[in-house]
Amino acid sequence: MLNALSKAFFLTLAANRPLKRLASRYGLRKPTSFARRFIAGETTADAVAAARAVQAAGLFISLDLLGESVVTLDEADAATRGCVALIRDVVDAGIERNVSLKLTQLGLDVDHATAVDNLRKVLAVADRHDFFIRIDMEGSPYTQETLDIWETLWGLGHRRLGVVLQSALRRSEADAQRVIERGGRIRLVKGAYKEPKTIAYQTKADVDEAFVRIMRLLLKDADYPAIATHDPAMIAATKARAAELGLAPDRFEFQMLYGVRRDLQAALAAEGYRVRVYIPFGREWFPYFMRRLAERPANVAFVVKSLLRER
Ligand code: FDA
């Protein structure tokens, strides 16, 4: 009960705009600051340094220039320029070419066409440099539009563009089938947003069961699926399914978040599995950080301790 309440509390904070503005202004000043455990830093140089360290440990990366829920054309244009600049910086840095982004960062709340145009601008540069671009999945008001946009661009030949499906949503099994039929690449997650019970499973057991069902389907039929979780039970089920199918470890990958279960990331890599670390950075870190707190009450204690130490 307490967990459910604190989860709802942090997810509400995640959507609070004034708090987001305040936090972006003051939160990441010092490298020791509390958000740094989960966010690589404010600048591309911070992200590149984090990426190099992760790659040196034998892991793969996806960089995420944080940003979401922009409401004006100017903000959407600025975010698009930011993504394009990131792609160029990654090429110059010579690190792995893999970026995750959100459609509300590119203007989906302004309108559909803005988001599509901006994504196409990003892809024009990304495709030229052989990047893989993953469209993160946001809350359920955006699910259909996000999948539609992926499908449109896939149809236009952007084949290094992947989507994310959330096992919490009841629709995701059908969505997985549809993306598989088209040959697209899926990252499977549990889902980080508070969703109504009419459309989403509400208990961990149900979300986990759906995760396993979809994972089993992806490993059998999908092109290079990404199983994104820190849950040892989900990881064990994935390993068992891969063994059952005789699937080589380079036919799928695990994904985890920067700063979360680094021990497990290293252990899986040592066992020969591919592990990709999602590395978020930038000034717009507040909603992302709040979602991480919502996932695990122990993270709140960690933040409080860091704040006390920093004082
Ligand atoms: P679960 O929440 O059941 O946690 C299992 C265990 O993992 C915990 O007991 C704890 O040990 C550890 N753990 C989990 N979260 C932790 C945290 N924040 N801090 C410390 N330990 C933690 N969601 C979404 O809606 N859209 C998206 O596009 C993405 N993208 C994405 C990419 C990648 C690479 C990952 C790993 C996750 C996402 N997510 C996401 C987030 C995802 O939906 C989910 O909220 C988190 O991964 C937490 O769920 P777990 O599967 O880890 O299991």
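Please refer to the structure placed before this passage.
Residues numbered from 1 in each chain as written. Predicted model: local features only at pLDDT ≥ 70, side-chain atom pairs only at ≥ 80, totals over all residues. Heavy atoms only, no water.

1. So, the pattern of salt bridges
If you walk through the whole model with that rule in mind, you get 24 salt bridges. One salt bridge connects Asp208 with Lys204, and the closest N-O pair in it is separated by 2.9 Å. Linking Asp208 with Lys204, this pair stays in helix α8 (residues 204-221), spanning 4 residues, or about one helical turn. Because the salt bridges share partners, they merge into one network encompassing Glu151, Arg178, Glu181 and Arg182. (Salt bridge = Lys/Arg side-chain N within 4 Å of Asp/Glu carboxyl O. Helix = DSSP H or I, 4+ residues; strand = E, 2+ residues; numbered from the N terminus.)

2. Some details on the packing of helix α4 (residues 73-93) against helix α5 (residues 112-128)
A pair of packed helices is captured by two measures, namely the crossing angle of their axes and the spacing between those axes. Running from amino to carboxyl end, α4 crosses α5 at an angle of 10°, the nearest separation of the two axes being 9 Å. Overall, the two elements α4 and α5 adopt an arrangement that is roughly parallel. From α4, Leu73, Ala76, Asp77, Thr80, Cys83, Val84, Ile87 and Arg88 reach across to α5, where they touch Thr114, Asn118, Lys121, Val122, Val125, Ala126 and Arg128. Tallied by class, residues from the contact of α4 with α5 come to 8 nonpolar, 3 polar and 4 charged. (Axes fitted to C-alpha atoms, helices over the stretch in contact; angles between N-to-C directions. Parallel < 35°, antiparallel > 145°, perpendicular 65-115°, else oblique. Contact = heavy atoms within 4.5 Å. Nonpolar A, V, L, I, M, F, W, Y, C, P; charged D, E, K, R; others polar.)

3. Digging into the nonpolar core
Counting residues in each nonpolar core, the largest one holds 72 residues, and the members touching the most others are Leu63, Leu119, Ile133, Leu218 and Ile279. For this core, the leading source of residues is α5, giving 7 residues. With sequence-adjacent residues up to four places away left out, Leu63 is seen in contact with Ala47, Ala51, Leu86, Val90, Ile95, Asn98, Val99, Ser100, Ile279 and Phe281. Ala14, Ala23, Ala35 and Ala294 belong to the second-largest nonpolar core, a separate cluster that totals 21 residues. (Core = buried A, V, L, I, M, F, W, Y, C linked by side-chain atoms within 4.5 Å. Buried < 20%, exposed > 50% of the residue type's maximum accessible area, 1.4 Å probe, protein only.)

4. Some thoughts on the pairing of strand β1 (residues 60-65)
As paired strands, β1 and strand β8 (residues 275-281) are joined by 6 bridges and run parallel to one another. Bridge pairing in β8 links Ile61 to Val277. Where β1 meets strand β2 (residues 98-101), 2 bridges bridge the pair, whose relative direction is parallel. For Asp64, the partnering residue across the bridge sits in β2 and is Ser100. Of the crossover connections in this fold, the one passing from β1 over α4 to the parallel β2 is right-handed. (Pairing = 2+ DSSP bridges. Right-handed = clockwise from strand over helix to strand, strands pointing away.)

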